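Okay, here's what each chain looks like letter by letter:
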Amino acid sequence: MVKRFTVLKEILHLLFPMVLTMTLELSISVVDTIMLGHYSALHLAAVGLASSLWLPVGCFLIGVTFGITPLVTRHLHGRQPKLVNLYMSQAIGLSVVLGLLASLIVAFVLPHFARFMATEEETRLVSVSYLYIFAPALPMLALMTAYKNLFEAAGRPGFPLFVASTGLALNVLFNYVLIFGKFGFPEMGAEGAALASSLSLYLAVSMFFVYDRYINKAPLFTRLVWRYTRKFSILLGVGAPAGFAFAFEVGLFSSMTWLISSFGDLALGGGQIVMSYTSFLFTPMMAMSAVTAIVVAKAMSKEGVEGVRKRIRVIILIGLSYVSICFIITQLFHNQIPYIYSSNEQVVALAASILLISSCYQLPDMLQTVFTGALRGFRDTRSSMIAFGVSLFGLSIPLGFWLSHYSPWSETLSLRGFYIGLGAGLSLLAVILVIRFQVVLRRYEGKRIASPREVA
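Definitions and limits used
- Going along each chain's sequence as written, the residues are numbered from 1 onward.
- At least 70 in pLDDT is required for a residue's local features to be given in this predicted model, at least 80 for side-chain atom pairs to be given and counted, and no such filter applies to totals for whole chains, interfaces and linings, which use all residues.
- Values reported for side chains reflect all heavy atoms of the structure, with hydrogen atoms and water molecules removed beforehand.
- By the criteria applied, helices consist of DSSP H or I runs no shorter than four residues and strands consist of E runs no shorter than two, each listed in order from the N terminus.
- Throughout, a contact is declared for two residues whenever any of their heavy atoms are within 4.5 Å.
- Areas reported as accessible are Shrake-Rupley estimates using a 1.4 Å probe. Residue values count occlusion only from the protein chains shown.
- Lines fitted to C-alpha atoms define the axes, with helix axes restricted to the stretch in contact, and inter-axis angles between N-to-C directions lie between 0 and 180 degrees.
- Should an angle fall under 35 degrees it is taken as roughly parallel, and over 145 as roughly antiparallel, whereas 65 to 115 is taken as roughly perpendicular and any remaining angle as oblique.
- Definitions for this section: a left-handed crossing has its near helix turned counterclockwise from the far helix by less than a right angle. A right-handed crossing has that turn clockwise.
- Under the scheme applied here, ten amino acids are nonpolar (Ala, Val, Leu, Ile, Met, Phe, Trp, Tyr, Cys and Pro), four are charged (Asp, Glu, Lys and Arg), and all others, including Gly, are polar.
- Pairing of aromatic rings covers Phe, Tyr and the six-membered ring of Trp, with a centre-to-centre limit of 6.5 Å; geometry is then stacked below 30 degrees between planes, edge-to-face above 60, and tilted otherwise.
- Only protein chains enter the accessibility calculation, which uses a 1.4 Å probe; a residue is then buried when its area is under 20% of its type maximum, exposed when over 50%, and partly exposed in between.
- For this analysis, a salt bridge means a side-chain nitrogen from Lys or Arg found within 4 Å of a carboxyl oxygen belonging to Asp or Glu.
- We define the nonpolar core as a collection of buried residues of types Ala, Val, Leu, Ile, Met, Phe, Trp, Tyr and Cys that are connected through side-chain atoms lying within 4.5 Å of one another.
- The span one expects for a helix is its residue count, reduced by one, times 1.5 Å.
- On a scale of 0 to 100, pLDDT captures the predictor's confidence in every residue.
- In this analysis, a patch consists of residues with relative accessible area above 30% that form no salt bridge, clustered at 9 Å for like charges and at 5 Å for the nonpolar side chains Val, Leu, Ile, Met, Phe, Trp and Tyr.
- Two N or O atoms count as a polar contact when they lie within 3.5 Å, although within protein this holds only if one can serve as hydrogen donor and the other as acceptor, and sequence-adjacent residues are included solely when both atoms are side-chain atoms.

A. Region of the structure containing the overall build of the protein chain. Each helix and strand counted, the protein chain has 18 helices and zero strands in total. A separation threshold of at least 6 residues defines the contact pool for the protein chain, and within that pool the share at least 24 residues apart is 81%. Of the roughly 20,000 Å² that the protein chain leaves accessible, carbon and sulfur atoms contribute 68%.

What follows is the structure, encoded as C-alpha cells:
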C-alpha cells in the first residue's frame, strides 16, 4: 500500500498541473470563439474554416516534439543531464526547419482550399487573411511545445502552468484590443485574433527561454550545440510517427466536420456541440498520456518492467474513475448539456442523442490515450502511428459513412452513424495498442533501456 501511495503521489504531482495547463491552453480557443462570435458571425465562420485547415499541420508539429519527453526523462533520471542539451538542440533545429515548411504550406497552399470551401466572399477573404497572418508563428508553436515537454519531462510542470495562465490572460487582452479596435488600435476582427494568437506564442517561447537561461536556479537547457541543430534524426525518428498519429486524430475530426455538413446546418451545429463538449472531457486524458510517457520512461531507467506495470495500473485506475464520472454525468444530463451551447430545439435534440453515443466510447478513448503515452515512453511511436491510421481511417470513416448513407438503418441513424463508426474505430485502436504494449513489455522483461550514452 505504501508503494502504491508513493506511485499515486508521483503521478498526481505531474497530472494536476498538466491538466490545468492543457485546460488553459484549450481556453484560449474558447476565448477566440466567444469574442469573434460577439464581433461577426462571418468572421467566426472564417476562423473555424481556417482552423480546420491549419490544425492538422500544427498538430503534426506538436506531435513531433513529443519525442523530447521519453529521451529527456531517461537521461535526466539516468544521471546524464548534459545529454539534454543535445536533444533540445535537435528540437530547436527540427522546430525551425519543420516550422518554416509548415508556414509555407499554411501561407501558400491552404488558402486555395479556403477559397474553394468558403461560400461567402467575406468569409473567403477573412479566412485567407487569417492564414497569412498566423503562418509565420508556426515555428514558435513547435518551440513552445518543446520547452513545455522539457519542463514536464523533468518533473517541473509548475512553470508551464504559469506560462499557460499568463498566455491566456494576454490572449484575452490582445483579442479585446485587436478584434474590436480598442485603445487606438485598428479594428481587425478575425485578423486581430490571428495576430493575438501569434503574439501569445512568441511571448510564451520568450518566457521559457528567459526563465530557464537567467532565472532558473537549476537550468535544464544550458547550452545550444550547433552541430546537433542539423542532426535531428534521433528526435525525428521518435517524434515523426507521434506527429503523424496526432495529425491523424485531429484530421479525423476535421473530416467528420466536412462529412457532417452534408446533412445540413442543423446537423453541423449539433456536431459542433458534441465536438466542443467531448474535447473538453478529452483534455485530462491528453494529460494522462503525457504523464504516462514520463513515468514509463523514468521507471524503465530506474526500476525496469515491474516499475512500469505498477504505474500503468495506477494510471488505468485513475482513468477508469474519470471516465466513469464522465459517463454518468453525460447519461444523466445529455438533454441539458446542449443548452449550454444553443437554444435551438432541433440542434439540442440532435446533440443530445449523439452525446448518448459519444459517452459510450469514453473508455476505449481513455485506454488508447494512456497506452499511446506508454508506448511513447518506450520510444515506440511508429506502431501507434500505424494503429491510428488503420483504426481511424480504415474503420471509423468507412463504417460511419456506410451506416449514415447506405446501411438499412441509414434513415434512422442519419449522422449518428458517423459517431458509431468513431466508437468502433477507437475500440479497435485501444485493443491494438494494449496488445502492442504487452509485446513491448515482454521484449524488455528482465532488461533495462540501453545506456543513455549509446542512445545519444
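B. The packing of helix 5 (residues 110-117) against helix 6 (residues 121-134), seen in detail. Between helix 5 and helix 6, the least distance of the axes is 9 Å, while the angle of their chain directions is 165°. As far as their axial angle goes, helix 6 and helix 5 are roughly antiparallel. As for the relative orientation of helix 5 and helix 6, their crossing is right-handed in sense. On helix 6, the residues touching Leu110, Pro111, Ala114 and Arg115 of helix 5 are Arg124, Ser127, Val128, Leu131 and Tyr132. Residue composition of the contact of helix 5 with helix 6, grouped by class: six nonpolar, one polar and two charged.

C. Spotlight on the packing of aromatic side chains. According to the stated counting rule, one finds 17 aromatic pairs in the structure shown. Taken together, a centroid distance of 6.2 Å and an interplanar angle of 20° make the contact between Tyr130 and Phe134 stacked. On the criterion of helical spacing, the pair formed by Tyr130 and Phe134 is a turn pair, its members being four residues apart in helix 6. Summarising the burial analysis for this pair, Tyr130 and Phe134 share the class buried. Ring centres of Phe159 and Tyr211 lie 3.9 Å apart, and the angle between their planes is 15°; on these two criteria the pair is classed as stacked. Separated by 52 residues along the polypeptide, Phe159 in helix 8 (residues 158-180) and Tyr211 in helix 9 (residues 190-215) bring together distant segments of the chain. Taken together through their ring pairs, the aromatic side chains of Tyr147, Phe151, Phe159, Phe162, Phe208 and Tyr211 make up a single cluster.

D. Broad picture of the environment of Ser289. With respect to the helices and strands, the residue Ser289 is situated in helix 11 (residues 265-302). Ser289 sits in the buried class, given a relative accessible area of 5%. Placed 79 residues apart in sequence, Ser289 and Gln368 show a C-alpha to C-alpha distance of 9.0 Å. When sequence neighbours within four positions are dropped, the list of residues in contact with Ser289 reads Thr369, Thr372, Gly373 and Arg376.

E. Structural detail: the pattern of salt bridges. On inspection of all chains with the given rule, the structure shows three salt bridges. Between Glu152 and Lys148 there is a salt bridge whose closest N-O contact spans 3.5 Å. One end of the pair is Glu152 and the other is Lys148, both in helix 7 (residues 138-153) and four residues apart, which spans about a single turn.

F. Geometry of the nonpolar core. By size, the foremost hydrophobic cluster in this structure holds 70 residues, and its most contacted members are Trp54, Met88, Val106, Tyr130, Leu138 and Leu150. Discounting residues that sit within four places of it in the chain, Leu138 has contacts with Trp54, Leu61, Gly99, Ala102, Ser103 and Val106. Residues Val314, Phe378, Met385 and Leu426 belong to the second largest nonpolar core, which totals 64 residues.

G. Quick look at helix 6. Under the 1.5 Å per step criterion, the end-to-end length of helix 6 is 20 Å for 14 residues, consistent within 8% with the ideal 20 Å. All of the buried residues in helix 6 are Thr123, Arg124, Val126, Ser127, Val128, Tyr130, Leu131 and Phe134.

H. Examining the confidence of the model for the protein chain more closely. The predicted model of the protein chain averages 81 in pLDDT, with 88% of residues at 70 or higher. Counting interchain partners and residues more than four positions distant, the pLDDT-below-50 stretch residues 450-456 has 13 contacts.

I. Structural context of unusual backbone geometry. In the Ramachandran plot, Phe183 falls in the positive-phi region, its phi being about 55° despite a non-glycine side chain. Checked against the element boundaries, Phe183 lands in the loop between helix 8 and helix 9. For Phe183, a relative accessible area of 67% translates into the label exposed.

J. Focus on helix 7. Across its 16 residues, helix 7 extends 23 Å between first and last C-alpha, which sits within 8% of the 22 Å expected from 1.5 Å per residue. Immediately downstream of helix 7, the backbone of Gly155 shows phi near 75°, a positive value.

K. Spotlight on a nonpolar patch on the surface. There is a patch of nonpolar side chains on the surface, built from Leu101, Leu104, Ile105, Phe108, Val109 and Phe113 and spanning about 560 Å² of accessible area. If one sorts the elements of the nonpolar patch by residue count, helix 4 (residues 83-108) sits on top with four residues. Relative to the helices and strands, Phe108 resides in helix 4. Among the residues examined, Phe108 registers a relative accessible area of 57% and is labelled exposed.

L. A look at the side chain of Ser407. Within the element layout of this structure, Ser407 appears in the loop between helix 15 (382-405) and helix 16 (410-413). The class of Ser407 is buried, set by a relative accessible area of 4%. A polar contact is formed between the side chain of Ser407 and the backbone oxygen of Leu403, at a distance of 2.8 Å.

M. The arrangement of the side chain of Ser197 in detail. Mapped onto the fold, Ser197 is located in helix 9. We classify Ser197 as buried; its relative accessible area is 12%. What Ser197 contacts, discounting residues up to four positions off in sequence, is Asp32, Tyr130, Phe134 and Asn171.

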